[in-house]
Amino acid sequence: MKKNILFFILILTMPGFEALAQSQQGQFIRIMVSPSAPDKTYRTGEGIDFDVAVYKFGQLVRDAEIHYEIGPELMPSEIKGQLVLKNGSGKINGGTLSEPGFVRCRIRYTENGKTYENTGTAGIDPESIVPTTQLPDDFSEFWKKNKAALDQVPLEPVLTHLPERSTHLTDVYHVHFRNISGRIYGILSKPKKPGKFPAVLHVPGAGIRPYYGAMIDENVISLQIGIHGIPVNLYDSPIYQNLAAGALRDYNRIFLEDKDRYYYKRVYLGCVRAVDFLFSLEAFDGDSIGVIGGSQGGALAIVTAGLDNRVDYLVSYYPALSDLTGYLHGRAGGWPHLFKDEWTNQPEKVETSRYYDVANFARFVNVPGFYSWGFNDNVCPPTSMFAAYNVIPGEKQFSGYLDAAHWRYAEQSEEGQRWLMEKLKVE
């Protein structure tokens, strides 16, 4: 029972859970808006249409007056208007786009003083989107030098058994080991039965939080890490909330002006160090390892595979930190939207970003990967994600859950995990 309660608490704290829960519960007024094209995609220069309908108690609302705004995702609207849906549904002309990207239609409908909204997003030649960020000439040398420095740091792992989290099939540990600076903390799950097993590294989404372990009771070694150099098992402590509101607020901007001190330097190297730790485990088969994550974790999955050729497979859901300089070129850039505001658009910060942009790491991913996101993502815009995806040279599979925003369906999670477990030959 305690295990189930902890799992439920974990689900409640997952990014996007609130939006997902609302979609499961249903809403009094439901606005459905979608590109008219069956696959939600168009060619450059082709006319874009959006189908829209307003439902109440499952029935179309006749004479519903809607307001709409249409334009490139996360950018100022280019088309605005209103329309009366005489039979509760209709079609809106969304114009055209002269270059690959995404066009988003936002619908608003007001009833009894309350306004309801929804969006639909069309892709325009998404697989032709190219990054705006530039690959530094010394990109590979920069990371080679830093990985060499990491190699000089002894691992010094510490494992603390967590009997309250363990099961009859799995031992669970709170672990920590040295990073380039400080330590990396995580939750390790390891089968109790004798033998050698493949391993999965779970890299985290944005934020500061505790972790509970993953893939427990599976025939796989699982390491779920935090990135902030603090224990991840302080379940009843306010430390995570305090850090999020204080010292680590906007951690993704700390030392952005200096590529040698930027916050994500120790994070990216920490992912490599986590692979070091997995290889140090006696129960690891020494051969098969995958990395999986969503949002910031989706970014870190690509970064880890791009930095460390010991990784065999990756699963990346809606990767953040992709094509960060998009805003400097008139289109949406990836989370955390570093260059959306003029005060951040300093040359040294832009230069640093190129060493940490997922689109540049994507160029070095040569292992099979599973990638999945939706067109309606309003945190990690699909333009930025496709910019990274399109330059990946390795075998890649894209599974689009096209109406999803910054969350994923249960079926989407199941598909990615099933793909990874099949690649790792986990029985």
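As the structure is a computational prediction, the values presented were derived from the model and not from experiment.

What follows covers the overall build of the protein. The helix and strand inventory of the protein stands at 10 helices and 18 strands. Its C-alpha radius of gyration of 23 Å places the protein within 12% of the 22 Å reference for a compact globule of 427 residues. With the principal axes as the frame, the protein shows a C-alpha extent of 70 × 55 × 40 Å. In the protein, which comprises 427 residues, the proportion classed as buried is 54%. For the protein, long-range pairs separated by at least 24 residues make up 67% of all intrachain contacts whose partners lie at least 6 apart in sequence.

Bringing the sheet that holds strand β9 (residues 114–124) into the picture now. In a beta sheet, neighbouring strands are held together by backbone hydrogen bonds and run either parallel or antiparallel to one another. The 5 strands are arranged β2-β9-β8-β5-β6 in an open sheet whose pairing can be described as mixed. Both outer strands of the open sheet, β2 (41–42) and β6 (79–85), are each paired with one neighbouring strand and no more. Judged from the 2 bridges that link them, β2 and β9 form a sheet pairing that is parallel. Bridge pairing links Thr41 to Gly123 in β9.

With 18 residues, helix α5 (residues 263–280) should reach 26 Å at 1.5 Å per residue; the first-to-last C-alpha distance of 26 Å fits that figure. In terms of burial, α5 is largely enclosed, as 16 of its 18 residues are buried.

In this section: helix α3 (residues 139–151). Each α-helix turn comprises 3.6 residues. Residues three or four places apart therefore point the same way. For α3, with 13 residues, the first-to-last C-alpha span of 19 Å sits near the 18 Å given by 1.5 Å per residue. Turning to α3, its buried residues number three or more, namely Phe139, Phe142, Trp143, Asn146 and Leu150. Projected onto a plane normal to the axis of α3, the buried residues spread over an arc of 85° and lie on a single side. Turned more than 90 degrees away from the buried face of α3 sit Lys144 and Asp151, all of them exposed. Buried residues along α3 sit in contact with α5, α6 (296–307), α7 (347–354) and α8 (358–362).

If you trace the 9 strands from one edge of the open sheet to the other, you get β10-β11-β12-β14-β13-β15-β16-β17-β18, paired in mixed fashion. Across the chains shown, the open sheet's two edge strands, defined by having one partner strand only, are β10 (158–161) and β18 (396–400). Sheet twist, expressed as the mean angle between neighbouring strand axes with direction ignored, is 20°. Across the sheet, helix α10 (residues 410–423) is in contact with β13 (197–202), β15 (284–294), β16 (313–317), β17 (369–373) and β18; its angle to β16 comes to roughly 175°.

This next bit is on the confidence of the model for the protein. In the predicted model, the protein carries a mean pLDDT of 93, and 94% of its residues have values of at least 70. Contacts from residues 1–24, a stretch scored under 50 in pLDDT, to residues over four places away or in other chains number 18 contacts.

Take the packing of aromatic side chains next. In total, this model carries 36 aromatic pairs according to the counting rule given. Note on Phe139 and Phe364: the rings are 5.6 Å apart at their centroids and 10° apart in plane angle, and the pair reads as stacked. One end of the pair, Phe139, is in helix α3; the other, Phe364, is in the loop between α8 and β17, with 225 residues separating them in the sequence. With a relative accessible area of 30%, Phe364 lands in the partly exposed category. Plain terms: the ring middles of Tyr268 and Phe361 are 5.3 Å apart, the flat faces sit at 85° to each other, and that makes the pair edge-to-face. In this pair, Tyr268 sits in helix α5 while Phe361 sits in helix α8, placing the two residues 93 residues apart along the sequence. Given a relative accessible area of 0%, Tyr268 falls into the buried group. What makes Phe361 buried here is its relative accessible area of 1%. Through successive ring pairs, a cluster of aromatic residues spans Phe139, Phe142, Trp143, Tyr251, Tyr262, Tyr263, Tyr264, Tyr268, Tyr355, Tyr356, Phe361 and Phe364.

Turning our eyes to something else, we now look at the pattern of salt bridges. Close approach of charged atoms lets side chains of opposite charge pair. In this structure the tally under the stated criterion is 14 salt bridges. Linking Asp308 and Arg310 is a salt bridge whose minimum nitrogen-to-oxygen distance equals 2.7 Å. Take Asp308: its relative accessible area is 5%, and that puts it in the buried class. One network of salt bridges, with partners in common, ties together Arg273, Asp276, Asp308 and Arg310.

Mapped onto the fold, Leu248 is located in the loop between α4 (239–245) and α5. The sequence separation of Leu248 and Phe57 amounts to 191 residues, and the corresponding C-alpha distance is 44 Å. Sequence-distant contacts of Leu248, defined by excluding residues within four places in its chain, comprise Ile208, His228, Leu243 and Tyr263.

Turning next to the packing of α3 against α5. Where α3 meets α5, the axes come as close as 11 Å, and the angle between the chain directions of the two elements is 55°. In this view, α3 runs oblique relative to α5, as classed from their interaxial angle. Along this stretch, α3 crosses α5, giving a crossing that reads as right-handed. Every residue of α5 that contacts α3 at Trp143, Asn146, Lys147, Leu150 and Asp151 is listed here: Lys265, Tyr268, Leu269, Val272, Arg273 and Asp276. Here the contact of α3 with α5 is built from residues that sort into 5 nonpolar, 1 polar and 5 charged.

Rules used throughout
- Residues numbered from 1 in each chain as written.
- Predicted model: local features only at pLDDT ≥ 70, side-chain atom pairs only at ≥ 80, totals over all residues.
- Heavy atoms only, no water.
- Helix = DSSP H or I, 4+ residues; strand = E, 2+ residues; numbered from the N terminus.
- Rg over C-alpha atoms; globule rule 2.2 N^0.38 Å.
- Buried < 20%, exposed > 50% of the residue type's maximum accessible area, 1.4 Å probe, protein only.
- Contact = heavy atoms within 4.5 Å.
- Pairing = 2+ DSSP bridges.
- Expected span 1.5 Å × (residues − 1).
- Arc of directions from axis to C-beta.
- Axes fitted to C-alpha atoms, helices over the stretch in contact; angles between N-to-C directions.
- pLDDT = per-residue confidence, 0-100.
- Phe/Tyr/Trp six-rings, centres within 6.5 Å; stacked < 30°, edge-to-face > 60°.
- Salt bridge = Lys/Arg side-chain N within 4 Å of Asp/Glu carboxyl O.
- Parallel < 35°, antiparallel > 145°, perpendicular 65-115°, else oblique.
- Left-handed = near helix turned anticlockwise from the far one by under 90°.
- Nonpolar A, V, L, I, M, F, W, Y, C, P; charged D, E, K, R; others polar.

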